[in-house]
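Chain and residue survey
Here is how the chains run, residue by residue.
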Amino acid sequence: MEAASSCNVSMGAITYKPNTVKDQNLQVYEVTMSVTGRYGSVKSFLFDMQMLEGLIIVDGVSFVNEGPYVESITMETRLMVYLRDAA
């Protein structure tokens, strides 16, 4: 949320699906989110997501533009977040 605010994009729906990689002692969260804003702002947000500390991987990105004369795009992205399991 902080990255979205600093990049001047608006957040849409966020969903996540937890999973476990038992042989690696990791918790994996597949996070899907959408953000909307000007192209430069959305690009900055994506860069900020890639620079987060930890094991975060941008797994997929798609862009939708409402029309050729509208400078507002929506980006759907899927992140994989890997966290060490405490157990």
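Everything here concerns the structure above.
A brief report on the enclosed structure follows.

**Things to note about the pairing of strand 4 (residues 73-84)**
- Summarising the sheet, strand 2 (residues 26-37) and strand 4 pair through twelve bridges and their orientation is antiparallel. Across the sheet, T36 pairs through a bridge with T74, a residue of strand 4.
- Where strand 3 (residues 55-65) lies against strand 4, ten bridges are found, and the strand directions are antiparallel. Directly across from S62, in strand 4, lies its bridge partner E76.

**Topic: the layout of surface pockets**
- Estimates place the volume of the largest pocket at around 160 Å³.
- In terms of lining residues, the largest pocket is bounded by 13 residues, among which M1, M11, M33, M49 and L79 are the most central.
- Of all the secondary structure elements, the ones that give two or more residues to the lining of the largest pocket are helix 1 (2-6), strand 1 (10-21), strand 2, helix 2 (39-50) and strand 4.
- Its residues placed into classes, the lining of the largest pocket shows 13 nonpolar, no polar and no charged.

**Things to note about the nonpolar core**
- Grouped together as the largest cluster of nonpolar side chains are 15 residues, with contacts concentrated most on V9, V35, V42, F45 and M75.
- Breaking this core down by element, the ones donating at least two residues are helix 1, strand 2, helix 2 and strand 4.
- Not counting residues within four places of it along the chain, the set of residues in contact with V9 comprises A4, V35, T36, G37, S41, V42 and F45.

**Digging into the environment of T74**
- Positionally, T74 belongs in strand 4.
- Along the chain, T74 and A13 lie 61 residues apart, while their C-alpha atoms are 12 Å from each other.
- When sequence neighbours within four positions are dropped, the list of residues in contact with T74 reads S34, V35, T36, S62, F63 and V64.
- Within the structure, the side chain of T74 is placed 3.0 Å from the side chain of T36, a separation counted as a polar contact.

**Looking at the environment of E76**
- If you trace the backbone, E76 turns up in strand 4.
- Note on E76: relative accessible area 36%, which makes it partly exposed.
- In sequence terms E76 and V64 are twelve residues apart; their C-alpha atoms lie 8.3 Å from each other.
- When near neighbours in sequence (up to four residues on either side) are disregarded, E76 contacts T32, M33, S34, G60, V61 and S62.

**Here we look at the side chain of S34**
- Examined against the element boundaries, S34 turns out to sit in strand 2.
- Setting aside residues no more than four positions away along its own chain, S34 makes contact with S10, M11, G12, A13, T74, M75 and E76.

Basis of the calculations
- Residues numbered from 1 in each chain as written.
- Predicted model: local features only at pLDDT ≥ 70, side-chain atom pairs only at ≥ 80, totals over all residues.
- Heavy atoms only, no water.
- Pairing = 2+ DSSP bridges.
- Helix = DSSP H or I, 4+ residues; strand = E, 2+ residues; numbered from the N terminus.
- 1 Å grid on protein atoms, 1.4 Å probe; cavity = no way out; pocket = protein on both sides within 12 Å on 5 of 7 lines; lining within 4 Å.
- Points joined across faces, edges and corners; volume = space filled by probe spheres on them.
- Nonpolar A, V, L, I, M, F, W, Y, C, P; charged D, E, K, R; others polar.
- Core = buried A, V, L, I, M, F, W, Y, C linked by side-chain atoms within 4.5 Å.
- Buried < 20%, exposed > 50% of the residue type's maximum accessible area, 1.4 Å probe, protein only.
- Contact = heavy atoms within 4.5 Å.
- Polar contact = N/O pair within 3.5 Å; in protein donor to acceptor, adjacent residues only side chain to side chain.

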